[in-house]
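This is what each chain is made of:
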Amino acid sequence: MTYIAKPPLRHPTLERNKVGYTRRDYEGKISTLCAGCGHDSISAAIIQACWELDIEPHRVAKLSGIGCSSKTPDYFLGASHGFNTVHGRMPSVLTGANLAHRDLLYLGVSGDGDSASIGLGQFAHAMRRGVRMAYIVENNGVYGLTKGQFSATADQGSKSKKGVVNSDSPVDLVGLALQLGATYVARSFSGNKAQLVPLVKGALQHGGAAFIDVISPCVAFNNHPGSTKSYDYVREHNEAVSRIDFITGREEITVDYGPGEVVDVRQHDGTLLRLRSLNTGYDPTDRNQAMAYMQQHQARGEVLTGLLFVDPLATDLHTALNTSDRPLNALGEADLCPGAAALQKLNASLR
Amino acid sequence: MKPIESINDFVVKFSNVNGSGSASANELFAKAILRMGVPVSPRNIFPSNIQGLPTWYEVRVSEAGWLGRRGGIDMMVAMNPQTWDADVAELEPGGYLFYDSTRPLPPSKFRSDVHVIGMPLTEICNAVYSDPRQRQLFKNIVYVGALSVLLEIEPEVIEKLFSEQYRGKEKLLASNVQALHLGRDFAREHLKAPIGIRVRRADKVGDGIFVDGNSAAALGCVYGGATVAAWYPITPSSSVAEAFQKYCGKFRVDPATGQNRYAIVQAEDEIASIGMVVGAGWNGARAFTATSGPGVSLMTEFIGLAYFAEIPVTIINVQRGGPSTGMPTRTQQADVLACAYASHGDTKHVLLFPEDPHECFEHAAAALDLADRLQTPVFVMTDLDIGMNQRLCRPFVWEEGRRFDRGKVMTAEELEAGKDFGRYKDVDGDGIPWRTLPGTHPTRGSYFTRGTTRDPYARYSERGPDYIYNVERLLCKFRTAADLVPQPVLRLATEPTRLGVLYFGSTSPAMDEALEVLTDEGVHVDAMRLRAFPFPDSVAQFIAAHDRVFVVEQNRDAQMRSLLVNELEIDPARLVKVLHFDGTPITARFITTAILKHVQAPALAAPRRDPELQP
């Protein structure tokens, strides 16, 4: 969190997207995170994704909980309304916000402390409700703001900076999201922008609950030998299921991937997720396969990344509740209040 | 002992076993009397249990229109052997004991000063019905039939109620009518009827409606424009959300598209419920949750966030006995302080205190307006007594063309016109800043909402002066609220007096009666019914105008009195506690006795100095 605004200087030749914005228009305040923090790379990926998708910044509502990751919405999309809620309880606030105004895009940013410990329940229920949002966990396996305690995603046997060995089993948020019914589930690495940007784009355009777990090493407290969430460890153990391109419906192009299996997944808004499978036979629309495949790799100490599962025709909580197409916050007296005559009838029925 | 004799003024209590199907029969009894034009006020006194434990239904019949509990029982319909002794002991001398005489009881089980009416209910039902469930269920209707003869309740009225209840279910209608007449026939042939307490058709109900407070509060939320409800089941508030669902289904489905103009989520817990309400309020929808004390405890962190981040939130707190799980199915007014100062740090919240279902409706709708106007949490402090009991009250009223007060929401046009927007800036001097909703304008008016402090332009700041500006402005806003909330209701005694009484919420009907009884006793008391916190100036003026002010409330620790002392800096000695907190609704008799005791004890009022303390 910072009060230092970026200088408003703009290079006059900066490229503009279809809605007339430059990348700078998607930035926020100057980050106060540690130099080299993976979270800043994720912010950069969000900026890139929104710019490329031609999203008007003010049409995004960005919500977070508490923690290093939850500070980051201040550092991107400065023209969007942001909400830094309470520790671990961002999902419920986002759910309410989404119910109030279904036409905005909802971006939930959380951390491993925020979502896997205090907020595990809210994370789980947001996934099972199918709240339409992109829910990004910036996962570093450690509590940075309180200086280095293990979080619930820290791997069993990994070491803290002070040399303490973690004896608890980790919470795997991807596994939970798959099990709980999330309809877009991915894992990525903050050091792999080429993979992360299309994943964020896909999540933002997805029709239901989209979840991305991003391993994001903490340079201050969890980037040392013995950590399984360090840059070196993740780079060495990364196993990607696919390479992904995100193609909006209106500008579909054919990309020659060369040899290798290509899977096109068209979402109901017309966008296309083009996946080049790096593992022959991996079907990103098979939830059971995703679960099994992820667990096999986890057992081998590998971090499986990429788009693990997608239900391209997913619907959301509004569909389930049969909510009005007009946002609820735009309805007025005539839509909502039954009026005096109806009340008189009701009075008569209560005698 | 001379039997009690009274027409249209008595109390009947039904003692039953939870789960035996007595509730609808007992309600039928109450409603039949109401349909004869005689005011009734029934109260469920029930256990935190689905089946097996004792449950009671107390019906006060009062042609004079007293709707509070009176105290004392004139007739006991004793259907629960487990509670026999206590039930019999509760009867007023000269009262009536109606019981199932199928199995004989020893004389020691009866009182000589009550009039005993035995009827072999089990035997009758066993003879007529073979199905065990029918035997049990129709036993209740059979005793209602017998009571209709004993108390002269018109059977046609009961039959009409049956026909309304079982419209389209002819078989059920016929079997209930049959059971009713089974009871009536036996009573006519074998019992001495009528007895001393009786019902006589009157015209004292007028246009009053008979409804429970939870349904009324839900309807208030519909009329007040709530579109998002998030809740978690908890007694005694669950029926608020369930009634909201029912009314929305009736009134809020778009006839053209079949789509719902509302969203209701049964959340995973109270924390998520309030979180959703906070999110919806932040995004410009009118949103509410309904809960009880334990739920409020879980919600307090979010309540603090909503207070500090200035987000409209409406919370309907149907209070019950606490703390902790306390008495989940018993009534109290024991969350006053917990809600007034909910959360940590310096917080103060707006509380509304409805007296009956009519005001539950009014206050729920008003709360949604106030929350938007003040951009803050607003509590509607009902309780189990109003919430879960049907009460005769004034009909609901809605002024045609009434507009929702959406508060200070800056539009895209205003931003475009260059209006200065500082989210936490007090531009109008009332402590209430302007807000914008997400998505309003491409380049202007966005801001970051957070629980950490900030400057008037919503920029993160840890500067002391910025923090002080924030919290003092919040206090200013709270003072503004005092003029916006429902104002107290003053009721002056017929003669000048130095005694005053303050009361609030569900105490109201018992207090109305107590004041009249006190007047008859020659004790004149000015009364003020508090309807909201913060307290308007008139409350301090009322206290200043009297030497002694009784504060009547239904909790152990005199929470309202503490709030008055704390907020108005009143000398505590001037505020006399009158406290009722056994979980049952307060009675007129309790209030009258407590005030008379104080008034008639001159030693308490006389100045006294302990000689031991002389210098």
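Residues numbered from 1 in each chain as written. Chains lettered and ligands numbered in written order. Predicted model: local features only at pLDDT ≥ 70, side-chain atom pairs only at ≥ 80, totals over all residues. Heavy atoms only, no water.

## Some thoughts on unusual backbone geometry
Residues and elements named next belong to chain B. At the junction of alanine 193 and proline 194, the peptide bond is cis and its omega measures out at -5 degrees in the coordinates. Looking along the chain, the bond that leaves glycine 322 and enters proline 323 is cis, with omega of 0 degrees. Note that proline 323 resides in the loop between strand 13 (313-319) and helix 11 (336-340). A positive phi is found at glutamate 310, a non-glycine position, where the angle reads about 65 degrees. Mapped onto the secondary structure, glutamate 310 falls in the loop between helix 10 (293-309) and strand 13. Overall, the relative accessible area of 1% leaves glutamate 310 in the buried class. In this structure, alanine 458 takes a positive phi of about 70 degrees despite not being glycine. If you trace the backbone, alanine 458 turns up in the loop between strand 17 (448-450) and helix 15 (464-484). (Helix = DSSP H or I, 4+ residues; strand = E, 2+ residues; numbered from the N terminus. Buried < 20%, exposed > 50% of the residue type's maximum accessible area, 1.4 Å probe, protein only.)

## Comments concerning empty space enclosed by the protein
Residues and elements named next belong to chain B. Applying the stated criterion across every chain yields a total of six cavities of 30 Å³ or more. Its boundaries defined by the atoms lining it, the largest cavity holds a volume of some 60 Å³. Contributing to the lining of the largest cavity are Asn44, Ile45, Thr329, Arg330, Thr331, Leu384, Asp385, Asn389, Gly583, Thr584 and Pro585. Only strand 3 (40-45) and helix 13 (384-387) provide two or more residues apiece to the lining of the largest cavity. Split by residue class, the lining of the largest cavity holds three nonpolar, six polar and two charged. Of the voids in this model, the second largest cavity is the one considered here, and its volume is about 50 Å³. Residue lining of the second largest cavity: Tyr307, Lys348, Val350, Leu374, Thr376, Leu474, Lys477, Phe478 and Ala481, and that is the complete set. Ranked by residues supplied to the lining of the second largest cavity, first place goes to helix 15 with four residues. A per-class count over the lining of the second largest cavity returns six nonpolar, one polar and two charged. (1 Å grid on protein atoms, 1.4 Å probe; cavity = no way out; pocket = protein on both sides within 12 Å on 5 of 7 lines; lining within 4 Å. Points joined across faces, edges and corners; volume = space filled by probe spheres on them. Nonpolar A, V, L, I, M, F, W, Y, C, P; charged D, E, K, R; others polar.)

## Topic: the packing of aromatic side chains
For any pair of aromatic rings, geometry is given as the distance between the ring centres together with the angle between the planes. Applying the stated criterion across every chain yields a total of 25 aromatic pairs over all chains. Judged by centre distance (5.9 Å) and plane angle (75 degrees), the ring pair of A:Tyr21 and A:Tyr26 falls under edge-to-face. Considered together, A:Tyr21 and A:Tyr26 belong to a single accessibility category, that of buried residues. Pairwise contacts between aromatic rings join B:Phe14, B:Phe29, B:Tyr57 and B:Tyr143 into one cluster. Positioned over the ring face of A:Trp51 is A:Arg23, at 4.0 Å from the centre of the ring. B:Arg454 extends its terminal NZ or CZ atom over the ring of B:Tyr424, reaching a point 3.6 Å from the ring centre. (Phe/Tyr/Trp six-rings, centres within 6.5 Å; stacked < 30°, edge-to-face > 60°. Lys NZ or Arg CZ within 6 Å of the ring centre and 35° of its normal.)

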